[in-house]
Amino acid sequence: MISSRQAKLLDYLARVGGWVTAAELADHVGVTPRSIRSYVGELKDSPESHDVVSSSAQGYRLNTDAYAAYRARLTATDRPPDTPSARVRRLLRRLLDDVDGLDVYSEAEAAFVSESTVESDLSRVRRVLDDSGLSLSRRGSVVVLEGSELDRRRMLSRLIRQESDEVIVSLGRIESEFGLAGLSDFKRDLSRELDHRGYFVNEYGINDVLLHVAIAVHRSSRGGHLPQRDAVIDPEIAATAATLGRLVPRYFDGDLDDEEYDQLAILLATRVLAPDNDRNEAAVESYLRPDVVNTVSTILAEASDRYAIDLRDGPFTMRLALHVQNLLARASERNYSRNPLTRSIKTTYALIYEVAVYVASKLQQSAGIQVTDDEIAYIAMHVGAHLEQQSRRTDAVTCALVCPGYYDIHRLLRERIERELGDDILVTTVATGADTDWDALGTDLVLTTIPPSTPRNDVIVIGPFLTHADADAVRAAVARIRRHRRRAGIKRELLEYFDESLFFRNVYAPDEFAMIRLLGERMRAKGLVDDAYIEGAVERERMSSTAFTDTLAIPHAMAMTAPETAIAIVVNDQAMDWGEARVNVIAFIAFNALERSGFQAVFDQFVEVFSDRDAVLAITRRSTTFGAFIDELVHVFDS
C-alpha cells in the first residue's frame, strides 16, 4: 500500500492533470525534491503501481487509466494491511464489531506483525478515539472497546468516510463494506415516497444517511441496539420512521426496532429533507420556529449592509431558515453534514463563501454552536443560488454577425445563434454584404462565415450552419472577454492597495496565526490596522481557513474597520503550512467599510488569478522585488 505522502503526491497530480516538477510537488507535500524522486521510484519499483506515474524532463504526470486500475486493485484485495494507518483502521473495525475484545497475540499473528507492533498500533487507536466518547480497557492480553452504541456508530461512519477517496461515498462502496445489496433500489423508493409527501431531497447528503442505514442494519445484526428515547417524536419524523419501517425489511435481511427508525428519520429530517415551499407552504410555516426565522432575518440584514448585496428576501429567508433549523439540530448532537463541493465553492466563489462565513459566525455567536467548513459551504450554496437569481445581463457581450446574403441563411443562422448562445451574447448587428468594414462594426465580438483578409482577435469564423464546435468556440471567446473586462476594471484599483514597504519575500512563520500577527504588526506600524483588527483576523482564521486555493491564503478580519484598504503581501519560494493546505503567497488584507463595493471585485479577482497554477508559478518565480511583483501581476491580469 502507498504511504500517506505518496497518496498526497498522487492526489495533487490528479488535480493538476499535467506535468509537475519535483520542486512543485515537494512544496505541496512538504518534503524535499529528493524525497519526491524517492516516492516515485518506490511506486515504479512496485509491480502493482509501476505505470501509475510517468517521468520526463518536464517532471511527473499521472497516468489516469493506470491509476484508476491501481485503485481498483487495492479495493479488491483482502491481504492484511501493511501500513500503520491501515492497521489502525483494521483494529478499530474489529474492536467495534467484537464486544468481547481482541487478543493482542492473536492479532499480531493474524496481521503478520510482532506483539510490540500491535501495542504501538493500539496507542495510535487511543489517539484516534480522543473526543469520540469511546475508550480502550485492558484485561491481560485482551483489549476491549468501551462506549455507547451511538458513539460506536459515529466512529464506524467516520472510518468508512476516511477510507473512501470519493467526494460522495458511493452506494457501491457502502454495499461492499457491509455485504448489502439493493441499496440503490432502497434509495429510489425512499426518495419517491419523500417526494410524494412534499419534501426536497438533498442528493449531496442522502448517501451519508444511507451509510447510517447500512450501519444500523450491520450493528443490529450483531446485537448492537440504541437506547430508548424519552423525547416525543414530531409527527412528520414519525411518518418518515414509518416509511423506513416498511422499506428496510423489504430490501435487507432483518428488521430494526423503533428507536433505530426514529434515529434514522431524525438524520433524514436534519440532513437531507426540506419541505417544498411551493407545494407545501403551510408545512413550512408550521415546521419553522419563529426564533430561527427572526435570527436568520437579522443576520441577512446585517450581511446585506456589510457586503453591499441584497439578501433581504422573504422566500430566500425561509429557505435558509429551514437549513439553519436543521443545522442547529445537527450541531446540538455534533453530527454535521459533509459537503463534497466545499473545496470548489471556496476556491471558485470566494466572496460568496466569505458571506457564508459571516452568516455562520453570527449563528455561532447567537446559538453557541460550532459551524464546520462543510456546513459553511451549504450556506454558501443558498447564498449563491439567491444571488444568481438576482443577476441580470449586465455583462452581455455584444456581437456582430457577418453572413453574405443568400436566400435567408443569415436569418436562420442568427436565430440558431440566439437560441444556442442567447445567454452569452447579444447580436446587435448583422452584415450581409460581401465587403465588410470590420473596423466599423463596433462590437465586442464578430462571428463571420467568411474569414477576414487578415486575422483578428475579435473575429471567430463559423459555418453557415452553426455546429457544436462553433458554439463552443464562441463560448470560450465570451469567457475570455468577460475575464478581461473584470480584470481591466479592477487592475488599477487593486494595484493601488499595494505598498512597497508591505511587500515581503521569503518570510516565514511557525504557523498561520503567527504569520497573521507578523503581518498585522507591520500594518499596525503604518497605522493601517489596530490590535482589534489583528485579533479579528486570527478569529476569522480559526472559523475557517483562508487558504482559498492550493497556493494562496488571504487572512483578514470580518470587521471592515481599517482607515483605508491595503494589502500586505508575502511571496515565498517554499510553501508553508496553512490549515490543511500549503501556500506560497499570503495576502493580509485590511478592509475599509466605505470601500466595501471594491472589496467584492478585488476579493474574487485575487482568488481567481491565484487559482491559475501557471500564473502562481510565474509570480513566485519572478517576483524577486516589489517592482517585479507588480510587473508580473499586471502581466497576469492582461494575459
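Residues numbered from 1 in each chain as written. Predicted model: local features only at pLDDT ≥ 70, side-chain atom pairs only at ≥ 80, totals over all residues. Heavy atoms only, no water.

Sorry if this is basic, but what is going on with the pairing of strand β2 (residues 59-62) here?
Consecutive residues of a regular strand have side chains that alternate between opposite faces of the sheet. Pairing analysis gives 4 bridges linking strand β1 (residues 53-56) to β2, with the strands arranged antiparallel. In the sheet register, serine 55 faces β2, and the bridge partner there is tyrosine 60. (Pairing = 2+ DSSP bridges. Helix = DSSP H or I, 4+ residues; strand = E, 2+ residues; numbered from the N terminus.)

Mind showing me how you'd approach the packing of aromatic side chains here?
For any pair of aromatic rings, the description consists of the separation of the ring centres together with the inter-plane angle of the planes. Following the criterion strictly, the structure yields 8 aromatic pairs and no others. Taking 6.4 Å as the distance between ring centres and 90° as the angle between the ring planes, the aromatic pair formed by tyrosine 353 and phenylalanine 548 counts as edge-to-face. Placement of tyrosine 353 in helix α18 (residues 350-367) and of phenylalanine 548 in the loop between α23 (531-543) and β13 (552-553) is noted, with a sequence separation of 195 residues between them. Taking the relative accessible area as the measure of exposure, tyrosine 353 reaches 0% and is therefore buried. (Phe/Tyr/Trp six-rings, centres within 6.5 Å; stacked < 30°, edge-to-face > 60°. Buried < 20%, exposed > 50% of the residue type's maximum accessible area, 1.4 Å probe, protein only.)

Sorry, what's going on with the sheet that holds strand β10 (residues 445-448) here?
Backbone-to-backbone hydrogen bonds pair the strands of a sheet. The strands run either parallel or antiparallel. Strand order in the open sheet formed by 4 strands is β9-β8-β10-β11, with parallel pairing between adjacent strands. The open sheet has two free edges, formed respectively by β9 (425-431) and β11 (459-461), since each of these has just one partner strand. Taken over all neighbouring pairs, the strand axes of this sheet differ in orientation by 25° on average, direction set aside. The strands touched by helix α20 (residues 409-421) within the sheet are β8 (397-402), β9 and β10, with β9 carrying the most contacts at an inclination of about 170°. (Axes fitted to C-alpha atoms, helices over the stretch in contact; angles between N-to-C directions. Contact = heavy atoms within 4.5 Å.)

What exactly am I supposed to notice about the side chain of glutamate 512 here?
Take glutamate 512: it is sitting in helix α22 (residues 512-525). Lacking a salt bridge, the buried glutamate 512 has arginine 542 as its closest oppositely charged neighbour, with an N-O distance of 7.7 Å. Sequence-distant contacts of glutamate 512, that is, excluding residues within four places in its chain, are made with Glu541, Met576, Asp577, Trp578 and Gly579. (Lys, Arg positive; Asp, Glu negative; His and termini not counted. Salt bridge = Lys/Arg side-chain N within 4 Å of Asp/Glu carboxyl O.)

Just checking my understanding: could you explain the sheet that holds strand β5 (residues 142-146) for this structure?
Spatial strand order, β3-β5-β4: 3 strands in an open sheet with antiparallel pairing. Both outer strands of the open sheet, β3 (102-103) and β4 (135-139), are each paired with one neighbouring strand and no more. Here β4 pairs with β5 via 5 bridges, running antiparallel. By the bridge assignment, serine 135 is partnered in β5 with glutamate 146.

Just checking my understanding: could you explain the pattern of salt bridges for this structure?
Close approach of charged atoms lets side chains of opposite charge pair. In this structure the tally under the stated criterion is 43 salt bridges. Residue arginine 622 is joined to glutamate 632 by a salt bridge in which the shortest nitrogen-to-oxygen separation is 3.3 Å. Here glutamate 632 lies in helix α26 (residues 626-638) and arginine 622 lies in helix α25 (residues 613-622), a separation of 10 residues in the sequence. The class of arginine 622 is partly exposed, set by a relative accessible area of 44%. One continuous salt-bridge network, built from bridges that share partners, spans Asp97, Glu149, Arg153, Arg219 and Glu260.

What am I meant to see in the packing of helix α5 (residues 84-97) against helix α6 (residues 104-111) here?
When two helices pack together, you describe them by how their axes are tilted relative to each other and by the distance separating the axes. Relative orientation of the contacting elements α5 and α6 amounts to 130°, with a least axis distance of 12 Å. By the criterion of interaxial angle, the relationship of α5 to α6 is oblique. Seen from above, α5 lies across α6 with right-handed handedness. Touching Arg90, Leu91 and Arg94 of α5 are Glu107, Ala110 and Ala111, all from α6. Per-class residue counts for the contact of α5 with α6 are 3 nonpolar, no polar and 3 charged. (Parallel < 35°, antiparallel > 145°, perpendicular 65-115°, else oblique. Left-handed = near helix turned anticlockwise from the far one by under 90°. Nonpolar A, V, L, I, M, F, W, Y, C, P; charged D, E, K, R; others polar.)

Can you help me understand the environment of leucine 171 in this one?
Along the polypeptide, leucine 171 turns up in helix α9 (residues 171-178). Exposure remark for leucine 171: the relative accessible area of 12% places this residue in the buried category.

Keep in mind that these numbers describe shape and distance, not what the molecule does.
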